[in-house]
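# Residue-level structural notes
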Amino acid sequence: MVPEAPLEQTEHGLVPQGPGWFVLNARDAGWNAAEGRGAYSLLEGEPEFEQVGVHLVTLAPGEAMAMYHWEADQEDFLVLAGEALLIVEGEERPLRRWDFVHCPPETKHVIVGAGASQCLVLALGARDRSTGPDWGGYTVDEVAARHGASVEQDTTEPKEAYANVARRKPTRCREGWLPE
């Protein structure tokens, strides 16, 4: 029988601890956020899931989910609320509620908030090959650069890719991040 993982209350929200099943409301979970960079839910707890990464990401218009990048595993996204802009393989594609995006391994991509209000995106990514030194990389892209989401030179190092942007910090879920 698989045991239930305990939920630990922290100053930033509930955090699942250890392996096992659990139920966690996203409003009660901890989040990481930075002005101009959106916010990521911390649904997985400690340790992170081994097979699949799962995040809710909320973005204001113009906020990029990440820097333009590719990964060795597939990544998928579902827009749950609002509008966004997908930059994929150097092209822009508008996204709206219920649009699903599938990025096979090595697909260069980033999502930027769009429209007049917050958007909410469910992000899912495999963790089979996208860990360690061959995880993927950040590449220069002029379309992504127009949205503040491109590195200045190709790199595989997150510290280099995010050196010039605000670092997300732990926080609680804030009003307006999740639809009512």
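So, a few notes on the structure that sits alongside this text. (Residues numbered from 1 in each chain as written. Predicted model: local features only at pLDDT ≥ 70, side-chain atom pairs only at ≥ 80, totals over all residues. Heavy atoms only, no water.)

Quick look at unusual backbone geometry now. A cis amide bond links E46 to the next residue, P47, at an omega of -5°. By secondary structure assignment, the location of P47 is in the loop between β4 (38-41) and β5 (52-59). In this model, E89 sits at a positive phi of 50°, which is unusual for a non-glycine residue. Note that E89 resides in the loop between β8 (83-88) and β9 (91-96). (Helix = DSSP H or I, 4+ residues; strand = E, 2+ residues; numbered from the N terminus.)

Okay, the environment of P133 next. Along the polypeptide, P133 turns up in the loop between β12 (119-126) and β13 (136-138). Between the alpha carbons of P133 and T156 there is a distance of 7.8 Å; along the sequence they are 23 residues apart.

Our next topic: the side chain of S130. One can find S130 in the loop between β12 and β13. On the basis of relative accessible area, S130 is assigned to the buried category, the value being 13%. Within the structure, the side chain of S130 is placed 3.1 Å from the backbone oxygen of A126, a separation counted as a polar contact. Residues contacting S130, with those up to four places away along its chain left out, are E71, A72, D73 and W135. (Buried < 20%, exposed > 50% of the residue type's maximum accessible area, 1.4 Å probe, protein only. Polar contact = N/O pair within 3.5 Å; in protein donor to acceptor, adjacent residues only side chain to side chain. Contact = heavy atoms within 4.5 Å.)

On to the layout of surface pockets, then. Counted as a void, the largest pocket has a volume near 1200 Å³. Around the largest pocket sit 35 residues that line it, and Y40, H55, Y138, Y162 and R168 are the ones nearest its centre. Mapped onto the lining of the largest pocket, the elements with two or more residues apiece are β5, β6 (69-71), β7 (75-81), β11 (109-114), β12 and α2 (158-161). Here the lining of the largest pocket is composed, by residue class, of 18 nonpolar, 9 polar and 8 charged. (1 Å grid on protein atoms, 1.4 Å probe; cavity = no way out; pocket = protein on both sides within 12 Å on 5 of 7 lines; lining within 4 Å. Points joined across faces, edges and corners; volume = space filled by probe spheres on them. Nonpolar A, V, L, I, M, F, W, Y, C, P; charged D, E, K, R; others polar.)

Two modes of strand pairing occur in sheets, parallel and antiparallel, and in both the strands are linked by backbone hydrogen bonds. The sheet built from 7 strands is open, its strands ordered β10-β7-β12-β5-β4-β3-β14 with antiparallel pairing. Looking at strand neighbours, the two that pair on one side only are β10 (100-103) and β14 (169-172), the edges of this open sheet. The sheet shows a mean angle of 25° between the axes of neighbouring strands, taken without regard to direction. In this structure, β5 lies alongside β12, joined through 8 bridges in antiparallel fashion. (Pairing = 2+ DSSP bridges. Axes fitted to C-alpha atoms, helices over the stretch in contact; angles between N-to-C directions.)

Once that is clear, we can look at the pattern of salt bridges. Per the stated rule, a full pass over the model turns up 7 salt bridges. In this structure, R27 and E180 form a salt bridge, with 4.0 Å as the shortest nitrogen-oxygen distance. Of this pair, R27 sits in the loop between β2 (13-16) and β3 (30-34) while E180 sits in the segment after β14, placing them 153 residues apart in sequence. Take R27: its relative accessible area is 36%, and that puts it in the partly exposed class. Close ionic contact of R146 with E142 constitutes a salt bridge, the shortest N to O distance being 4.0 Å. (Salt bridge = Lys/Arg side-chain N within 4 Å of Asp/Glu carboxyl O.)

Along the chain, R127 turns up in the loop between β12 and β13. Side-chain polar atoms of R127 contact the backbone oxygen of F49, separated by 2.7 Å. Residues in contact with R127, not counting those within four places in the same chain, are E44, E48, F49, E50, Q51, V52, G53, H55 and D73.

In total, this model carries 0 disulfides according to the counting rule given. C119 supplies the cysteine sulfur nearest to C103, a cysteine that is in no disulfide, at a spacing of 15 Å. Judged by its relative accessible area of 2%, C103 is buried. No disulfide involves C173; its sulfur sits 14 Å from the nearest other cysteine sulfur, which is in C119. Residue C173 is classed as buried on the basis of its relative accessible area of 19%. (Disulfide = S-S within 2.5 Å.)

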